[in-house]
Amino acid sequence: MVSKEYKRDSSLREKFQLLRSITNSHAESETSIIEDASKYIKKLKHKVENINNETTSEQYFCDPTDPMVTVDTLEKGFMIKIMSGKNEPGMLVCVLEAFEDLGLEVVEARVSCTDSFSLHAIGISNNDDAECMDAEAVKQAVSVAVRTWSDSHDPRG
């Protein structure tokens, strides 16, 4: 018959082993495993704070009259981010048409069109002259398309 203490110790060892594997710790002693876990948690907390700060700063710098467009070059294609403090019907369609005009195929996208407009998309070129396209050209074309669309739908204009 296995004692309760043996079961408890066995369960505790399993939990330390799990904690060790989750935190990628190479420590052997329980104290060191806990220290490594604490460092790991602090590191994750710092990452979450950075992500929250980045998201917050994107929202603060978002001028409703001038959508912010950023384009980063990826190994194959581009990461396109568009932020606008206001969302109006048709903006997403306008952006997708600009991608189509550029010969970009959207392979992944995350869009929010509630109170504001936010799009993060990965686009790859479906043209043979993909080497000729650079991030600045994509940014310029998308910015012009969004600005042209915004100007044509401005109730003041």
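Please refer to the structure placed before this passage.
Note that residues are indexed from 1 along each chain, following the sequence as it is written. Only residues with pLDDT of at least 70 get local features here, since the model is predicted, and only at 80 or more are side-chain atom pairs given and counted; chain-wide, interface and lining totals rely on the full set of residues. Heavy atoms throughout the structure, all of them, feed into the side-chain values; hydrogens and water do not.

Further remarks concern the pattern of salt bridges. Every case where a carboxyl oxygen of Asp or Glu lies within 4 Å of a side-chain nitrogen of Lys or Arg is listed as a salt bridge. Evaluated as defined, the whole model comprises two salt bridges. Residue aspartate 9 pairs with arginine 8 through a salt bridge whose shortest N-O separation is 3.9 Å. Between arginine 20 and glutamate 28 there is a salt bridge whose closest N-O contact spans 3.3 Å. Three labels apply to residues, based on accessible area from a 1.4 Å probe with only protein chains included: buried if under 20% of the type maximum, exposed if over 50%, partly exposed otherwise in between. For arginine 20, a relative accessible area of 19% puts it in the buried group.

The next thing to look at is the pairing of strand β2 (residues 77-84). For a regular strand, side chains alternate in direction, first toward one face of the sheet and then toward the other. To qualify as a helix, a DSSP run of H or I must reach at least 4 residues; to qualify as a strand, a run of E must reach at least 2; elements of each kind are numbered from the N terminus. In terms of residue burial, β2 counts as a mostly covered element, since seven of its eight residues are buried. One bridge is not enough; two strands pair if DSSP finds at least two bridges between them. As judged from the seven bridges shared by strand β1 (residues 68-74) and β2, these two strands associate in the antiparallel manner. Across the sheet, the residue bridging to methionine 68 is methionine 83, located in β2. Two successive antiparallel strands, β1 and β2, enclose a turn made up of two residues. As paired strands, β2 and strand β4 (residues 117-125) are joined by seven bridges and run antiparallel to one another.

Limitation: the analysis is restricted to geometry and does not speak to function.
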